[in-house]
Amino acid sequence: MSSGIYCNSGKNCSNLTIRGAGANSTFLVWSGSGGGSGDCAGHDVCFASTDTNYWGGPSNTATWTAGYASGSTSITLGTVSGSAPVVGQPIVLDQIDNQSDNGGLYVGCEIGGSSGGDSSPACYSLANPNGYERGNNSLSTIRGQQQIVTVTSISGSGKGPYTIGISPGIYAGNWNSAQSPGAWWATSPVYGDAVESLSLDHTSGGDGITFFNCQGCWVKGIRSLRGSATGTAWGHVTFSICNKCTVEQSYFWGYAGDTYGVSVDMASDSLIESNIFHYYAGSLAFYNSDCEGCVSDFNFTPGQFFAGSSNWQAGTIEFHGTVLFSEAEGNIGAQYYGDSFHGTHDLNTFFRNRLDGREQNNGTLTVSNTVPIILNPGDRYENIVGNVLGAWNGTNVFHKTYASTPTSFANYATSVYGLGIYPAVYSSSCTSDCLPFDTLSQSTTLRWGNYDVADNAVHWCGNSTDAGWSTTCKGASEVPSTLSSYGNQVPTYGDTSAGQSPMPPSLFYSAQPSWWPAGKAWPIIGPDVTTGNVGQCYGGTYSTMEVTTSQASQCTKAGGTFTALPTVVSNPAMDCYFDQMGGPISGGGSALSFTCTPPSSTTTTVPPPSGVNGAVIKN
């Protein structure tokens, strides 16, 4: 990469890769905040469409009049304002939120009752929209549910109607004409732009990389640094109307205010895979808006920093707006946090993750929000399968309560699950700033094959034929098999003691991926894994921090003890951090050289993720 202007402002620049000679060889260092305008303003690297198409001012719009069924690959657009879409172009599909709680699959709670919005019992009264959706100034117009699809065929003329072939098909089954479905799109999106194999130092600059109105854009093998002097936007990498985008095999260090790892301001079918998020604030994947078909997998988060409260446990993966049909798999970190402040969450899947629920916050032991799985009110129909949950070191157990629910939450901070209750803002007598109970968070969610430290057991709790039904399960099913809509049959994989076949190693991959290191276990996390090498330090300077057996001396030399969980093997990102980069167990310290040997020795264009729609258990 030599000096020069690679793409002039005003020119549509697709298939442009900014590629260095390696993250320890090519360095881009900013000395001032990035310029630009619109969605590029303040970003140091920005790939964007020539037209400023966004939720507050779409370039082209249409009514969506037919083809609402889940799986449909043909839709009908009615009246078109602007230019008709063309084959190969991404378009955004959306519809108006539910105006009140329907008692089921509920997409809403983006504008709370105190602002003249939704006053349903499951909604936080002070809820407000993130702003990444059309019509976000009113309950009657806001459109939180969004799926980006690619046009595969088109017939029609003029201002419509048009019959549009799309890929992938429609994910959700709740699209309907009563909620005024619509479509909108950029006139000139960019395609296949990328950043690869270099180091970007934003410490004295602006915000990181953003992809705006982009399809098939990607980041691979980079080192991205931020610091307290950096701007206060959201992420090292931002997906802003990004379809089939990828961030993989990269290292992210540092924070600024509310900086997150990868911030999703609107995306679909995108992938966040095998990255290291070191000494950062917030979440590795922070979903500000819907990200249908998105996957975050095999990432590692050594050390999360939350400046708002030194004893607060931040979420590794956080849903901060309306989110449907995403998956998290193979990640090693602290927590899934489904917050209630900007919208509801439904039909997402968490498979074979290690979430301990309690780690240090920049050197301070956390005591608040220390729950591995948090389903706040409005978080329903989730699938939690094959995970390893809770803080544990041998006989030392922090999470001693299995679940906090609307009828029992006195021990919330030491619970494995928070299901439909969020005591931090709940008061049974409050008249404002209220977040009530939601019994449907528990009754609609599938939990299957998860090991937890509170019971020191795996929960196969479908029916009386399952192992541990009367003991571990206490005769209570955790499979919503009796629901009239979006119910699940009792799974037929996993409970090998009852004669079932093992669970699949992955829901995202149908076979071990080619980039997976030779000799590495597959699967790496779950009740069927027995060769674990990951555990938490207990006591001493680094108590509660995750570490591998190979680096356990960092724990023991600082006065702690270490015992590996047999059900958790390190993922490649964790191996890289500890064994190749020499990362500290504390998760703090200065930025490291990014010295990982990539699983693949070739440097090639990352293809858009495929098969993401297969990651969801329910549809």
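This report concerns the structure included in the present document. (Residues numbered from 1 in each chain as written. Predicted model: local features only at pLDDT ≥ 70, side-chain atom pairs only at ≥ 80, totals over all residues. Heavy atoms only, no water.)

### Things to note about the overall build of the protein chain
Heads up, the rule is: Think of it this way: any DSSP run of H or I at least four residues long counts as a helix, any run of E at least two long counts as a strand, and we number them from the N terminus. Here's how the labels work: a residue is buried when its accessible area is under 20% of the maximum for its type, exposed when over 50%, partly exposed in between, all with a 1.4 Å probe on protein chains only. The contact definition used throughout considers only heavy atoms, calling two residues in contact when any of these lie within 4.5 Å. Accessible surface is estimated by sampling points in the Shrake-Rupley manner with a 1.4 Å probe; for residues, cover comes only from the protein chains shown.
On a plain count of helices and strands, the protein chain comes out with three helices and 50 strands. Residues counted as buried form 60% of the 619 residues belonging to the protein chain. Long-range pairs, those at least 24 residues apart, make up 71% of the contacts in the protein chain between residues at least 6 apart in sequence. For the protein chain, the exposed area adds up to about 20600 Å²; of that, 50% sits on carbon and sulfur atoms.

### What about the pairing of strand β16 (residues 235–243)?
The criterion, for reference: In short, DSSP must find at least two bridges between two strands for them to pair.
Within β16, nine of the nine residues are buried, which leaves the element mostly enclosed by the surrounding structure. In terms of strand pairing, strand β13 (residues 207–215) meets β16 through six bridges, oriented parallel. When the bridges of β16 are listed, F211 appears paired with F239. Pairing analysis gives seven bridges linking β16 to strand β19 (residues 260–268), with the strands arranged parallel. In the strand pairing of β19, T238 is matched with S263.

### Regarding the pattern of salt bridges
What counts is decided by this rule: The working definition used for a salt bridge is a side-chain nitrogen of Lys or Arg within 4 Å of a carboxyl oxygen of Asp or Glu.
Within this structure, the stated rule accounts for ten salt bridges. D575 is paired through a salt bridge with K520; the nearest N and O atoms lie 2.5 Å apart. Placement of D575 in helix α3 (residues 572–580) and of K520 in the loop between β47 (457–459) and β48 (534–538) is noted, with a sequence separation of 55 residues between them. Through salt bridges with shared partners, one network takes in D94, R134 and R143.

### A few points about the packing of aromatic side chains
Filter applied, for reference: To pair, rings of Phe, Tyr and Trp, with the six-membered ring standing in for Trp, must have centres within 6.5 Å; the planes then decide the type, stacked if under 30 degrees apart, edge-to-face if over 60, and tilted in the middle. Two conditions define a charge located above a ring, namely a distance within 6 Å from the ring centre to NZ of Lys or CZ of Arg, and an angle within 35 degrees of the ring normal.
Counted by the stated rule, this structure contains 30 aromatic pairs. Here W64 and W175 contribute two aromatic rings whose centre-to-centre distance is 4.9 Å and whose plane-to-plane angle is 55°, an arrangement assigned as tilted. In this pair, W64 is assigned in strand β4 (residues 60–66) and W175 in the loop between β8 (162–167) and β9 (182–185), connecting sequence segments 111 residues apart. Look at F300 and F578: their rings are 5.9 Å apart centre to centre, the planes differ by 45°, and that puts the pair in the tilted class. Of this pair, F300 sits in the loop between β25 (295–297) and β26 (304–305) while F578 sits in helix α3, and the two are 278 residues apart along the sequence. For F300, a relative accessible area of 2% puts it in the buried group. Overall, the relative accessible area of 2% leaves F578 in the buried class. Three or more aromatic residues joined by ring pairs make a cluster, and in this case those are F298, F508, Y509, W515, W516 and W522. Above the plane of the ring of Y417 lies R447, whose end atom (NZ or CZ) is 4.9 Å from the centre.

### Notes on empty space enclosed by the protein
The condition that has to hold: Both cavities and pockets are sets of points on a 1 Å grid over the protein atoms alone; in a cavity a 1.4 Å probe fits but cannot get out, in a pocket the set is open with protein on both sides within 12 Å along at least five of seven lines, and lining residues sit with an atom within 4 Å of a point. Grid points are joined across faces, edges and corners, and a volume is the space filled by probe spheres set on the points. Polar here means any residue outside two lists: the nonpolar Ala, Val, Leu, Ile, Met, Phe, Trp, Tyr, Cys and Pro, and the charged Asp, Glu, Lys and Arg; Gly therefore counts as polar.
Tallied over the full model, the rule gives three cavities of 30 Å³ or more. Every residue lining the largest cavity is counted, 14 residues in all, and those nearest its centre are P90, V92, A186, N213 and I241. Considering only residue class, the lining of the largest cavity consists of eleven nonpolar, three polar and no charged. The wall of the second largest cavity is formed by F298, E329, G330, R352, P505, W516, W522, P523 and I524. Grouping the constituent residues of the lining of the second largest cavity by class yields six nonpolar, one polar and two charged.

### What to know about the nonpolar core
We count it as follows: Working definition of a nonpolar core: buried Ala, Val, Leu, Ile, Met, Phe, Trp, Tyr and Cys residues. They are joined through side-chain atoms within 4.5 Å.
Ranked by size, the top nonpolar core spans 48 residues in total, and within it I209, F211, V237, F239, Y287 and Y417 carry the most contacts. With residues up to four places along the chain from it excluded, the contact list for Y287 reads V264, C294, S296, I317, E318, F319, H320, G321 and V323. Judged by nonpolar contacts, the second largest core, of 43 residues, contains I276, F305, C555 and L565.

### Some remarks on unusual backbone geometry
At the junction of G160 and P161, the peptide bond is cis and its omega measures out at 5° in the coordinates. Within the secondary structure, P161 is located in the loop between β7 (145–156) and β8. Cis peptide bonds are those with omega within 30 degrees of zero, and the linkage from W522 to P523 qualifies with 5°. Positionally, P523 belongs in the loop between β47 and β48. A positive phi angle is found at F325, which is not glycine, with a value near 55°. Tracing the chain through its elements places F325 in the loop between β28 (323–324) and β29 (327–329). Since its relative accessible area comes to 3%, F325 is described here as buried. Even without a glycine there, the phi angle at T544 is positive, about 85°.

### Section: the sheet that holds strand β14 (residues 218–220)
Definition in use: Orientation is described by lines fitted to C-alpha atoms, with helices fitted over the stretch in contact, and by angles between N-to-C directions that extend from 0 to 180 degrees.
As summarised here, the arrangement of the ten strands in space is β1-β11-β14-β17-β20-β25-β29-β33-β39-β45, forming an open sheet in which the pairing is parallel. Each end of this open sheet is capped by a strand with a single partner; those strands are β1 (17–19) and β45 (446–448). Direction aside, the axes of adjacent strands within the sheet are offset by 5° on average. In the sheet, β29 pairs with strand β33 (residues 349–351) via three bridges, with the strands oriented parallel. Note on β33: the bridge partner recorded for E327 is T349.

### Concerning the pairing of β19
With nine of its nine residues buried, β19 lies for the most part within the structure. One ladder, built from three bridges, connects β19 with strand β23 (residues 285–287); its direction is parallel. Among the inter-strand pairings, S263 is bridged to a residue of β23, identified as F286.

### Looking at the state of the cysteines
Note the following rule: Cysteine sulfur atoms that pair up within 2.5 Å are treated as a disulfide.
Counting across every chain of the model gives eight disulfides. For C40, the disulfide goes to C46, at an S-S distance of 1.9 Å. Handedness here is read from the sign of the S-S torsion; for C40 and C46, about -65°, the answer is left-handed. In this structure C40 comes out as buried when scored by relative accessible area, which is 15%. Look at C46 and you get partly exposed, because its relative accessible area is 26%. Note that C537 is cross-linked by a disulfide to C555, the S-S spacing being 2.1 Å. Between C537 and C555, the disulfide has an S-S torsion of 80° and is therefore right-handed. With C537 in strand β48 and C555 in helix α2 (residues 553–556), this residue pair connects regions lying 18 residues apart in the sequence.

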